[in-house]
Amino acid sequence: MKLILRNTANLGCRLGELVDIGRHGNRSFDIPGCLMYARGATVPHLTKDMLASLGKVPSVIQMTLPMLAEYHELLDDYKEGIGKFCNQETSVMFLSVQDPGTSTPSGYNDKQSVSIWCQGGRMKVSSDKFISMLKSFKPDWFECLYDGDQQAIQSSRKRNKKSVERTLTYLDALLNAKQTVQELENMEIFAEIGRASCRERV
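Residues numbered from 1 in each chain as written. Predicted model: local features only at pLDDT ≥ 70, side-chain atom pairs only at ≥ 80, totals over all residues. Heavy atoms only, no water.

1. Quick look at a nonpolar patch on the surface
Operational definition: Patches were defined on residues exceeding 30% relative accessible area and lacking a salt bridge, with like-charge contacts within 9 Å and nonpolar side-chain contacts (Val, Leu, Ile, Met, Phe, Trp, Tyr) within 5 Å. All accessibility values rest on the Shrake-Rupley procedure with a 1.4 Å probe; residue burial counts only the protein chains present in the view. Just to be clear on terms, a salt bridge is a Lys or Arg side-chain nitrogen sitting within 4 Å of an Asp or Glu carboxyl oxygen. Burial here depends on accessible area, computed with a 1.4 Å probe over protein chains only, as a share of the maximum for the residue type. Under 20% is buried, over 50% is exposed, and the range in between is partly exposed.
A contiguous nonpolar surface patch, about 380 Å² in accessible area, is contributed by Tyr 71, Leu 74, Tyr 78 and Phe 85. Here Leu 74 falls in the partly exposed class, since its relative accessible area comes to 47%.

2. A closer look at the pattern of salt bridges
Rules: Every helix listed is a DSSP run of H or I at least four residues long, and every strand listed is a run of E at least two residues long, numbered separately from the N terminus.
In the structure shown here, the tally under the stated rule is 5 salt bridges. For Arg 6, the salt bridge identified is with Glu 17, shortest N-O distance 2.2 Å. Linking Arg 6 in strand S1 (residues 2-8) with Glu 17 in strand S2 (residues 14-19), this pair joins segments that are 11 residues apart in sequence. Classification of Arg 6 by relative accessible area gives exposed; the value is 55%. Of the residues examined, Glu 17 reaches a relative accessible area of 15% and is grouped as buried.

3. Looking at helix H6 (residues 157-180)
Each turn of an α-helix holds 3.6 residues, which means side chains three or four residues apart point in the same direction. Defined as follows: To estimate how far a helix should extend, the number of its residues minus one is multiplied by 1.5 Å.
The end-to-end C-alpha distance of H6, which contains 24 residues, comes to 35 Å, matching closely the 34 Å that a straight helix rising 1.5 Å per residue would cover. Asn 160, Ser 163, Val 164, Arg 166, Thr 167, Tyr 170, Leu 171, Leu 174 and Ala 177 are the residues of H6 that are buried.

4. Focus on the sheet that holds S2
The strands making up a sheet associate through hydrogen bonds between their backbones, and the pairing can be parallel or antiparallel. This is how it is decided: Two strands make a pair as long as DSSP finds a minimum of two bridges between them. Note on method: axes are straight lines fitted to C-alpha atoms, helices fitted across the in-contact stretch only, with angles between N-to-C directions ranging 0 to 180 degrees.
Taken in spatial order, the 3 strands make up an open sheet running S1-S2-S3, and their pairing is antiparallel. Of all the strands in the sheet, the pair left with one neighbour each is S1 and strand S3 (28-31). Taking each pair of neighbouring strands and ignoring which way they run, the sheet shows an average axis angle of 15 degrees. Across 4 bridges, S2 lies against S3 in antiparallel orientation. Pairing of Glu 17 across the sheet is with Asp 30, part of S3.

5. What about the sheet that holds strand S10 (residues 188-190)?
With respect to topology, 5 strands assemble into an open sheet ordered S4-S5-S6-S9-S10, the strand pairing being parallel. Strands at the two margins of the open sheet, each flanked by one partner only, are strand S4 (36-37) and S10. The pairing of S4 with strand S5 (residues 60-64) spans 2 bridges and is classified as parallel. When the bridges of S5 are listed, Met 36 appears paired with Ile 61.

6. A word on the environment of Gly 107
Here Gly 107 shows up in the loop between strand S6 (92-96) and strand S7 (113-118). The exposure class of Gly 107 is exposed, given its relative accessible area of 64%. Spatially, the C-alpha atoms of Gly 107 and Gly 148 are 9.8 Å apart, while their sequence positions differ by 41 residues.

Pasting the structure below:
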């Protein structure tokens with residue numbers, strides 16, 4: 001995946017395009033842009049044919065880990081990935097760690113795992129567990145695990161620094177896995193470092 005910048009503004013805004021995304025290779029995504037939000041890897045109430053008839057829709061479907069995590073063993077047995085399972089194999093599939101459509105309780109992450117909230121309640125996701133899920137879901141593009149449940153106004157500098165250190169540890173584990181695990185070789189990583197803290201993002 002490559003980022004091509006088309007234009008930059010004085011205030012730091014950028015217009016560009018992400019190209020060569022994931023297993024498709026010939027797909028692109030405008031930035032800034034929007035993702036097509038999905039519940040369980042499909043857009044609620046819209047079939048693939050109906051989506052095609054709508055004309056210009058976002059080229060990337062956003063799946064969320066809280067909606068899918070409880071089913072990763074089922075997908076592991078299927079072996080073809082979530083895109084084919086949901087009849088969206090021609091779409092670019094992006095897997096996010098948290099669901100932007102729901103609020104996430106804060107204060108439940110620890111040194112070894114990130115907490116997500118599934119239908120069955122809280123689930124702790126370690127790097128190894130996340131890698132196992134990625135092998136089952138086979139997304140084109142995924143968000144790295146991150147410790148990001150702190151709020152910018154409420155969090156101390158020490159807490160923000162700890163968040164960045166944990167996130168970098170997760171990122172190192174996933175970059176390592178990308179080099180050694182064949183199923184992850186063609187997946188793109190999106191890492192979110194610093195999240196709520198401008199100081200740490202810089």
